[in-house]
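The chain contents come next:
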Amino acid sequence: MTKDECKKVVLDIIADIAPDEDLSAVKPEVRLRDQLQLDSMDFLDIVMELRKRYGLEVPEADYPQLASLDSCAEYLTPKFNALPAR
Amino acid sequence: MLPSSLQLPRVVITGVGLTAPNGNNLPEFRTALLNGTAGIEWIDVRYMGQLPAGVCHYDPLKYQKKKELRVGTRAGSISIYCAREAVADSGIAFDAVAKDRVGIYVGTTEHGNVETENEIYAISKFGYDTKFWSHYHNPRTVANNPAGEVSLHMGITGPAYTIGAACAAGNMGLIHATQMLRLGEVDLAICGGVSESIHTFGIFAGFKSQGALAAHPDPKQASRPFDKARNGIVVSEGGCLYTLERLDDARARGAKIYAEIAGYCVNSDASDYVLPNPSRQAECVRKAVAHAGLTPADIHLVNTHATATPLGDIQECEAIRAVFGVGCPDTYVNNTKGFIGHCMGAAGALELAGNLPSFDDQVVHPTINISELDPACALPGLVINQARKVAKVDTILNNSFGMLGINSTLIVRRFVA
């Protein structure tokens, strides 16, 4: 998985958990909470969906890594690539 | 007892918001009731298959965002729809209302079963690993959820809670709101009852195990109170919330007044978990009539609770006969569940709403699906299958009874200045 593909995965999840938001102009370098109406429960949704859809665990200590699309891609891409084949 | 010199403020109904299986506002609902149009359909119930049920078809996105629907509950959504409709119907300038002086009192039969069943089903797909259990479970299942969602949605900062009273709950919302208005605790109350019960298989399975779940080849005929062939309850969802105000406040703003709260009673059977007690029901009705300063002969319309169980209908008829059986020539009786099934926590509030227009048109909506009247349910004044124009409707008495033996009777009267 590339970092761009990883961003697409995260955006697809956000589209489901924030269905009223326009995601067409999300800036990858800007904190998601600064450009979208996302609260702490929504971030828990992102974590839950990564677990449900991909079997990918994000420890609580690493939640800050999910702040922006760029940081998500930095943090999650190697984790995706380390997942056992499904 | 309160001292007889104490004058409590008069409380009136100034707005109605509802969703029923056969209508999403009062005019639609009333038209369906007068035309004999039932709103029961087949639904697929988890683990159980196709069953008749009452489904509401309001547009949730009329007031809510998609995210609210994703995070919240069906009961919350129904409550928000009904609350917004009621406030709009009341004509009150809601933006100017002090939000800390608004109370939300929502009657519920049960809450949390739907959400808990859904979560258990969801984790069953992950080997029952609880790390897949939703972080929304607790806010969705707390008992105050439906009222709390209205508070969040409308920015209401006054008291907002539910009143758990089994199937007596719809009346209880109005009764409690009346009390809070009279005590001066709030200036505007949004109150009534809601039900999301069709989304829990448990309530269907429970009634089935109890031998009290309706079955019929035609879903629209499945709910048949007082009919000889009745065989149980049709479970429905629904909601009906009213705006209540003290009369002085309502008149000061020139509000339309649907009715005045005349009297009420809530009591308990203290006799059985599920079986009704006609003596306590009759006592509840008598006390409500006395509370309203009326006699049984002054009641023009009695809306029964009867849910179409073989025994329960007979027992309520026994109670009604004990109070109204003699010397009440102007008292008519009807039942709404043939149209909408049993809307559980919403039942009392919805069934009252369906009869409120009788103050204007003097027409009593019928009790439908009676092919052969059970002689044990042949109440004098029972309006069967066709709406009936009557001489006068100045008072409506609304019964709602529930498990664990809770009874509620609410009486409203035509508003006369």
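Quantities reported herein were computed from a predicted structural model and do not represent experimental measurements. (Residues numbered from 1 in each chain as written. Chains lettered and ligands numbered in written order. Predicted model: local features only at pLDDT ≥ 70, side-chain atom pairs only at ≥ 80, totals over all residues.)

A. Spotlight on the overall build of chain A. The helix and strand inventory of chain A stands at four helices and zero strands. Scanning chain A from its N terminus toward the C terminus, one meets helices and strands in the order α-α-α-α. Against the 2.2 N^0.38 benchmark of 12 Å for 86 residues, chain A shows a C-alpha radius of gyration of 12 Å, consistent with a compact globule. Projected onto its principal axes, the C-alpha positions of chain A cover 35 × 25 × 20 Å. (Helix = DSSP H or I, 4+ residues; strand = E, 2+ residues; numbered from the N terminus. Rg over C-alpha atoms; globule rule 2.2 N^0.38 Å.)

B. Layout of the interface of chain B and chain A. Each partner contributes to the interface: chain B provides seven residues, whereas chain A provides seven residues. Partitioned by chemical class, the residues of the side of chain B that touches chain A number two nonpolar, one polar and four charged. (Contact = placed C-beta atoms within 7 Å. Nonpolar A, V, L, I, M, F, W, Y, C, P; charged D, E, K, R; others polar.)

C. Summary view of the domain arrangement of chain B. Residue and element names in this part refer to chain B. Here chain B is described as being made up of domain 1 (11-252) and domain 2 (263-413). Relative placement of domain 1 and domain 2: their C-alpha centres are 21 Å apart. The partner domain 2 presents 52 residues to the 58 residues of domain 1 that form the contact. Elements with a minimum of two residues in the side of domain 1 that touches domain 2: β1 (11-19), α1 (26-35), β3 (49-54), β4 (102-108), α7 (169-182), β6 (188-195), β7 (235-236) and β8 (238-246). When residues in the side of domain 1 that touches domain 2 are grouped by element, the largest group, seven residues, is from α7. (Domains from an automatic or database assignment.)

D. How the structure looks around the nonpolar core. Grouped together as the largest cluster of nonpolar side chains are 119 residues, with contacts concentrated most on A189, I190, L350, A353 and I411 of chain B. Two domains each provide a minimum of three residues to this core, namely domain 1 (11-252) and domain 2 (263-413) of chain B. Setting aside its immediate chain neighbours within four residues, A189 of chain B contacts G103, Y105, A177, M180, L181 and L244 of chain B. In terms of nonpolar packing, the next biggest core, distinct from the first, is built from 12 residues, C6, V9, A18 and L76 of chain A among them. (Core = buried A, V, L, I, M, F, W, Y, C linked by C-beta atoms within 7 Å. Buried ≥ 20, exposed ≤ 12 C-beta atoms within 10 Å, placed from the backbone.)

E. Seen up close, the sheet that holds strand β5 (residues 160-164) of chain B. All names here are of chain B. Pairing is mixed in the open sheet, where 10 strands are placed in the order β5-β4-β6-β8-β1-β9-β15-β14-β10-β11. Looking along the sheet, the strands with just one partner apiece sit at the ends: β5 and β11 (332-334). Across the sheet, the mean angle from the axis of one strand to that of its neighbour is 25°, orientation sign disregarded. Pairing between β1 and strand β9 (residues 259-268): two bridges, direction antiparallel. Residue pairing in the sheet places I13 in a bridge with A259 of β9. (Pairing = 2+ DSSP bridges. Axes fitted to C-alpha atoms, helices over the stretch in contact; angles between N-to-C directions.)

F. Broad picture of the pairing of β9 of chain B. Examined bridge by bridge, β9 of chain B and strand β15 (residues 406-413) of chain B share eight bridges and lie antiparallel to one another. Note on β15 of chain B: the bridge partner recorded for G263 of chain B is I411 of chain B.

G. Region of the structure containing the environment of N385 of chain B. Residues and elements named next belong to chain B. Secondary-structure assignment places N385 in the loop between β12 (363-364) and β13 (388-389). For N385 and N35, which are 350 residues apart along the polypeptide, the C-alpha to C-alpha distance reads 9.6 Å. Beyond its immediate sequence surroundings of up to four residues, N385 is in contact with P366, I368 and I370.

H. Region of interest: the sheet that holds strand β2 (residues 40-45) of chain B. Residue and element names in this part refer to chain B. With mixed pairing, three strands are arranged side by side in an open sheet as β2-β3-β7. Only two strands of the sheet have a single partner each, and these edge strands are β2 and β7. Note: β2 against β3, six bridges, orientation antiparallel. Counterpart to W42 in the pairing with β3 is P52.

I. Main features of the packing of α7 of chain B against helix α13 (residues 347-355) of chain B. Residues and elements named next belong to chain B. At a minimum axis separation of 4 Å, α7 and α13 run at an interaxial angle of 80°. Relative to α13, α7 is oriented roughly perpendicular. Note on element contacts: α13 touches α7 through A347, G348, A349 and L350, opposite A169, G170, N171, G173 and L174. Residues belonging to the contact of α7 with α13 are distributed by class as follows: five nonpolar, four polar and no charged. (Parallel < 35°, antiparallel > 145°, perpendicular 65-115°, else oblique.)

J. Spatial organisation of unusual backbone geometry. Residues and elements named next belong to chain B. A positive phi angle, near 80°, is found at A308, a position not held by glycine. In this structure, A308 sits in the loop between β10 (301-303) and α11 (310-324). Residue classification places A308 among the buried residues on the basis of 26 C-beta atoms within 10 Å.

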